[in-house]
Amino acid sequence: LKSANGEEISIQLFITDDVRPARIERFLERAGQLVKLANVYVIPVRTGKQPRFWVLYGAYASPAEANAALARMPAKYKSSFKLRLVPMSEVRKVT
């Protein structure tokens, strides 16, 4: 993600206040069965004093590419998460 320009787009899977390593490790184990783990990004962020993890998927050059990837997301993710497109410029503001 560091090499992504500000115009690229990612897919937000979720944001969590539960920053316990075991919790995110369990998510990644399950995610590896559904998506390519190399495309999953777990980004530590702080809002005030509260640490959080922002979990994103992929880095796409255009909204069209990101929307196509969004359409291909596993049904489990579509029903469990509030998926949304996130510009890399927004990611950079909090990292």
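In the block above lies the structure referred to throughout.
For the structure given in this document, a descriptive report is provided here. (Residues numbered from 1 in each chain as written. Predicted model: local features only at pLDDT ≥ 70, side-chain atom pairs only at ≥ 80, totals over all residues. Heavy atoms only, no water.)

For the rest of this paragraph, the subject is the pattern of salt bridges. Across all of its chains, the model carries four salt bridges by this definition. Of the charged contacts in the structure, one is a salt bridge between Asp18 and Arg20, with a shortest N-O distance of 2.6 Å. Connected through shared salt-bridge partners, Asp18, Arg20 and Arg23 make up one network. (Salt bridge = Lys/Arg side-chain N within 4 Å of Asp/Glu carboxyl O.)

A separate point is the side chain of Thr16. Inspection of the secondary structure puts Thr16 in strand E1 (residues 9-16). A polar contact is formed between the side chain of Thr16 and the backbone nitrogen of Asp18, at a distance of 3.0 Å. Setting aside residues no more than four positions away along its own chain, Thr16 makes contact with Arg23, Arg52 and Phe53. (Helix = DSSP H or I, 4+ residues; strand = E, 2+ residues; numbered from the N terminus. Polar contact = N/O pair within 3.5 Å; in protein donor to acceptor, adjacent residues only side chain to side chain. Contact = heavy atoms within 4.5 Å.)

Take the packing of aromatic side chains next. Enumeration over the complete set of coordinates arrives at five aromatic pairs. Note on Phe27 and Phe81: the rings are 6.4 Å apart at their centroids and 70° apart in plane angle, and the pair reads as edge-to-face. Residue Phe27 is found in helix H1 (residues 21-31), and its partner Phe81 is found in the loop between helix H3 (75-80) and strand E4 (84-87); the two are separated by 54 residues along the sequence. Classification of Phe27 by relative accessible area gives buried; the value is 4%. Residue classification places Phe81 among the buried residues on the basis of a relative accessible area of 19%. Put simply, the rings of Phe14, Phe27, Tyr77 and Phe81 touch in pairs and so form one group of aromatic residues. (Phe/Tyr/Trp six-rings, centres within 6.5 Å; stacked < 30°, edge-to-face > 60°. Buried < 20%, exposed > 50% of the residue type's maximum accessible area, 1.4 Å probe, protein only.)

A word on the side chain of Gln12. Here Gln12 is to be found in strand E1. Judged by relative accessible area, which is 10%, Gln12 ranks as buried. A distance of 2.9 Å separates a polar atom in the side chain of Gln12 from a polar atom in the side chain of Trp54. Once residues lying within four places of it in the same chain are set aside, the contact partners of Gln12 are Trp54, Val55, Leu56, Lys82, Leu83, Arg84 and Val86.

So, on to the sheet that holds strand E2 (residues 40-47). Pairing between the strands of a sheet comes from backbone hydrogen bonds, and it takes one of two forms, parallel or antiparallel. Read from one edge of the open sheet, four strands run E2-E3-E1-E4, paired in antiparallel fashion. Of all strands in the sheet, those with a lone pairing partner are E2 and E4, marking the two edges. Sheet twist, expressed as the mean angle between neighbouring strand axes with direction ignored, is 45°. For E1 and E4, the ladder comprises four bridges, and the chain directions are antiparallel. What sits directly across from Ser10, in E4, is Val86. Most of the contacts of H1 go to E1, to which it runs at about 135°, and overall it touches E1, E2 and strand E3 (50-60). (Pairing = 2+ DSSP bridges. Axes fitted to C-alpha atoms, helices over the stretch in contact; angles between N-to-C directions.)

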